[in-house]
Amino acid sequence: MAKNEFVKDIADIEEDFPQWYTDVVLKTKLVDYGPVKGTMVIRPYGYAIWEHIQSELDGRFKAMGVENAYFPMLIPMSFLTKEAEHVEGFAPEVAVVTHAGGAKLEEPLVVRPTSETIIGHMFGKWVESWRDLPLRENQWCNVMRWEKTTRPFLRTSEFLWQEGHSVYETGEEAEAETLKMLACYADFCKEVLCMPVLTGRKTEKEKFAGAVATYGMEAMMHDGKSLQAGTTHYMGQNFAKAFGVQFTGKDGALQYGYTMSYGVSTRLIGALIMTHGDARGLVLPPPVAPFEVVIVPIAQKKEGVLEATHVLKQALENAGVRVKLDDSDNSPGWKFNEWEMKGVPVRIELGPRDIEGGKMLVCRRDTLEKTEFALNDAAAVKELLSRIGKDMYARAKARMESRIVPAETLDELLAGVEGGNFVRAGWCGDRACEDKVKTFAQATARVFDETHTMSACVCCGKKAAHTLFFARAY
RNA sequence: CGAGGAGUAGCGCAGUUUGGUAGCGCGCUUGGUUCGGGACCAAGAGGUCGUGGGUUCAAAUCCCGUCUCCUCGACCA
């Protein structure tokens, strides 16, 4: 069968990955563009994925003792300027409200690009004693960053995310929480998005504006580029000092708290699309797929067919499976292609032949493999969904690992990233070398590699102080 | 922000060079036949040509401005 014989509507994933991505997110109705530059509408099929991400992550946060809250979207401009590095990092991309109620405002209001400042301000009011700590809150909200170039899910002017913010009595505790949340994210990516990530600390150049240390998780996209899928930040006392987050300690002395923050966004949807997608379109991980199973009736006007599909749907729903029954007037072939493009993990074909034989034809989206199951065997379908998730993770992991290559020279590094790889390389620790790699290979340091040791700096050849993963990044 | 491309029916496009009745395919609606990998027949509906201004008897078409999107680069928690 010729490649893409049935896929006439989307670009070839190998030849034009950026166009493939844009085609897929629009044609599967995950998103549409909003009328204002860089804004997107997340349509029901896309929003359902976000809701599954939210509920899964939210449960994990709550299990760790984090509480949800909501802080205002508008932040006084003066807050932003209280932390020197923070304002320098964010000032170029904030949107500012200067007029309201028909009059010019006394003080301009920033539309939050992130909420460290306003949450720092509020935490400063609430924290008085060591007994008030730790204070651990999270909010699900939108933020705005006026980016110059945008792409649905990956970088938009407004996006949805969660941002967690904690204050601890000691730096050790806050830093431990920073690592714990990073591990929480990585586990979530594995179990829920079936997506492997590299985790680790980021360089000074790549860290959050105002942080002491930033940790990130990086996922490998289909084209070998890296996507920062989530970050956690240890702030030390930087924000506590800027916003007066002070408490009286056990020893009676007044002292500043230690803060940290962590966030993931709707970018995760872009990440899973670019990790798992193929020539036919989306391949959704079962845990977040709006529908885990689509039932396609064959010869649906023949007696007994639709009735049988309803019985099957009920049996699956009783087992806790999310099911779509496509009883529209489109032909079966049209439906096969449509739901494959939309990435539904499992398709079940049910026609007169199957009903007669007490069977159903089950097709996996990830491998396109078709198998006969006993009719209405929901337990077997559940087991298959679970296996699909594990297989998707295993394939993505094997792929990522096979595309991590070492480099000892800039030329090797360039060849590595041009070949769509993550490159492991030594680094002397000098910012000038990091900058030179960027210029020479259009690749940036993603995270520190704590598992391997390269001996010499890939750029200057001096003794390496660290080993880094370099990649081209979205 | 720089370079390139695009905006005409829900989607994909032609028409713009050379100004003169708004077109095609798919989709949509209705009726019928179909249904195991993008079915078929018949009859219909659907447009201030992104937007503002200008030139002209006359603008989708020519001129100026502006908005949005796509690709690449620069920038980017």
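Keep in mind that what you see is a predicted model, and the values were worked out from it rather than measured.

Chemist: What is the right way to read the domain arrangement of chain A from this model?
Modeler: Interface extent is often summarised as the accessible area lost during association of the parts. According to the domain assignment, chain A contains domain 1 (17-276), domain 2 (291-399) and domain 3 (404-471). Relative to domain 3, the C-alpha centre of domain 1 lies at a distance of 28 Å. Per-class residue counts for the side of domain 1 that touches domain 3 are two nonpolar, six polar and eight charged.

Chemist: When you look at the packing of helix H13 (residues 410-418) against helix H14 (residues 431-441) in this model, what are you seeing that I'm missing?
Modeler: Packed helices, taken two at a time, are described by the angle their axes make and the gap between the axes. Interhelical geometry of H13 versus H14 gives an angle of 55° and a closest axis separation of 10 Å. Judged by the angle between their axes, H13 and H14 are oblique. In terms of crossing hand, the pair formed by H13 and H14 is right-handed. Across from Leu410, Leu413, Leu414 and Val417 in H13, the residues of H14 making contact are Val437, Phe440 and Ala441. Its residues placed into classes, the contact of H13 with H14 shows seven nonpolar, no polar and no charged.

Chemist: Would you mind showing me how to read H13 here?
Modeler: Count 3.6 residues to each turn of an α-helix, and residues three or four apart come out pointing the same way. Of all the positions in H13, only Leu413, Gly416 and Val417 are classed as buried. Seen from one end, H13 has its buried residues packed into an arc of 90°, which puts them on one side. Considering only its buried residues, H13 is in contact with strand S20 (404-407), strand S21 (422-427), H14 and strand S23 (466-471). Of the residues flanking the end of H13, it is Gly420, one or two places downstream, whose phi is positive at about 80°.

Chemist: Quick question: what am I supposed to make of the nonpolar core here?
Modeler: With 121 residues, the main nonpolar core has Met195, Ala229, Val293, Ile295, Leu413, Val423 and Phe470 as its most contacted residues. For this core, the leading source of residues is helix H12 (residues 378-402), giving eight residues. What Val293 contacts, discounting residues up to four positions off in sequence, is Leu316, Val321, Val323, Val344, Val346, Ile348 and Val381.

Chemist: Would you mind going over the protein's contact with RNA strand B with me for this structure?
Modeler: In the vicinity of RNA strand B there are 45 residues, among which Lys37, Lys301, Gly333, Gly351 and Arg353 approach most closely. If you list the elements that add at least two residues to the surface near RNA strand B, you get helix H1 (17-27), strand S14 (258-265), helix H10 (332-341), helix H11 (352-357) and strand S18 (359-364). A total of seven residues in the surface near RNA strand B trace back to one element, the largest contributor, which is H10. Classifying every residue of the surface near RNA strand B gives 17 nonpolar, 16 polar and 12 charged.

Chemist: What is the right way to read the sheet that holds strand S6 (residues 103-111) from this model?
Modeler: Picture the strands of a sheet paired through backbone hydrogen bonds; they go either parallel or antiparallel. Spatial strand order, S4-S6-S5: three strands in an open sheet with antiparallel pairing. Of all the strands in the sheet, the pair left with one neighbour each is strand S4 (74-76) and strand S5 (95-100). Taken over all neighbouring pairs, the strand axes of this sheet differ in orientation by 45° on average, direction set aside. Relative to S6, S5 runs antiparallel, the two sharing five bridges. The partner of Val96 across the bridge, within S6, is Val110.

Cut-offs and rules
Residues numbered from 1 in each chain as written. Chains lettered and ligands numbered in written order. Predicted model: local features only at pLDDT ≥ 70, side-chain atom pairs only at ≥ 80, totals over all residues. Domains from an automatic or database assignment. Nonpolar A, V, L, I, M, F, W, Y, C, P; charged D, E, K, R; others polar. Axes fitted to C-alpha atoms, helices over the stretch in contact; angles between N-to-C directions. Helix = DSSP H or I, 4+ residues; strand = E, 2+ residues; numbered from the N terminus. Parallel < 35°, antiparallel > 145°, perpendicular 65-115°, else oblique. Left-handed = near helix turned anticlockwise from the far one by under 90°. Contact = placed C-beta atoms within 7 Å. Buried ≥ 20, exposed ≤ 12 C-beta atoms within 10 Å, placed from the backbone. Arc of directions from axis to C-beta. Core = buried A, V, L, I, M, F, W, Y, C linked by C-beta atoms within 7 Å. Near = placed C-beta within 6 Å. Pairing = 2+ DSSP bridges.

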